[in-house]
Amino acid sequence: MGNVVALCSSATSADVSLPIMFTIDGEVYGPVGADQCDPILSLDLGDGSPATSLTPRSGTLVTGRVAHAYSQPGIYTVTAHSASRCKVPSTPGGNEPEYDYTERLTITVSG
């Protein structure tokens, strides 16, 4: 299975206060055979603001868009995170494994 999360942006550099559009895409599900799963899909903008949670019901393809303007110049690492978060993992023997994927983009903000 390939990555279950993708991340892209409208720009990789911008001036302070100029919004950048981020798009996150992922499949969020509880793996077959696992139990008590709480799948997550989130976007951390890298500047200390709270991560945006895009948490659907399990088994859902999700695309989300977030516009964000950075208030300070700098280099920021934006992280998309998708994970199954199961308390009881699936057993070996053909069942789907748990997953935990991240994708990152570097954004440069000028003053």
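Since the model is a prediction, treat every value here as computed from it, not as a measurement. Numbering of residues starts from 1 in every chain and runs along the sequence as written. Given that this is a predicted model, residues contribute local features only at a pLDDT of at least 70 and side-chain atom pairs are listed and counted only at 80 or more, while totals for whole chains, interfaces and linings are drawn from all residues. The side-chain numbers reported here are obtained from all heavy atoms of the structure, hydrogens and water having been left aside.

## Details of the nonpolar core
Link 1 in the chain: Only buried residues count toward a nonpolar core. Its members are Ala, Val, Leu, Ile, Met, Phe, Trp, Tyr and Cys residues joined through side-chain atoms within 4.5 Å. Think of it in three bands: with a 1.4 Å probe and only protein chains considered, a residue is buried below 20% of the maximum accessible area for its type, exposed above 50%, and partly exposed in between. One finds F22, L43, Y70 and V78 to be the most contacted residues of the largest nonpolar core, which totals 23 residues.
Link 2 in the chain: Counting from the N terminus, the helices are the DSSP runs of H or I reaching at least four residues and the strands are the DSSP runs of E reaching at least two. Elements that contribute at least two residues to this core include exactly β1 (5–9), β3 (20–28), β5 (40–44), β7 (60–68), β8 (74–83) and β10 (100–110).
Link 3 in the chain: At four residues, β3 tops the list of elements feeding residues into this core.
Link 4 in the chain: Two residues qualify as a contact provided that any one of their heavy atoms is within 4.5 Å of a heavy atom in the partner residue. What V78 contacts, discounting residues up to four positions off in sequence, is L7, F22, L43, D44, L45, Y70, E103, R104, L105 and I107.

## What to know about the packing of aromatic side chains
Link 1 in the chain: Only rings of Phe, Tyr and Trp enter the pairing, Trp through its six-membered ring, and a pair is recorded when the two centres are within 6.5 Å. The plane angle decides the type: under 30 degrees is stacked, over 60 is edge-to-face, the rest tilted. Tallying each qualifying case throughout the model produces three aromatic pairs.
Link 2 in the chain: Ring geometry for Y29 and Y99: centres 4.8 Å apart, planes at 35°, overall tilted. Of the two residues, Y29 sits in the loop between β3 and β4 (35–37) while Y99 sits in the loop between β9 (86–88) and β10, which places them 70 residues apart along the sequence.
Link 3 in the chain: A centroid spacing of 6.4 Å and a plane angle of 15° characterise the contact between Y99 and Y101, whose relative ring orientation is stacked.

## Focus on the environment of T52
Link 1 in the chain: Looking at the secondary structure, you find T52 in strand β6 (residues 52–53).
Link 2 in the chain: Taking relative accessible area as the criterion, T52 reaches 25% and is therefore assigned partly exposed.
Link 3 in the chain: Residues T52 and I107 lie 55 residues apart in sequence; the distance between their C-alpha atoms is 17 Å.
Link 4 in the chain: Setting aside anything within four residues of it in sequence, one finds T52 in contact with L41, S42, L43 and V66.

Without other data, these values stay purely geometric and don't point to any function.
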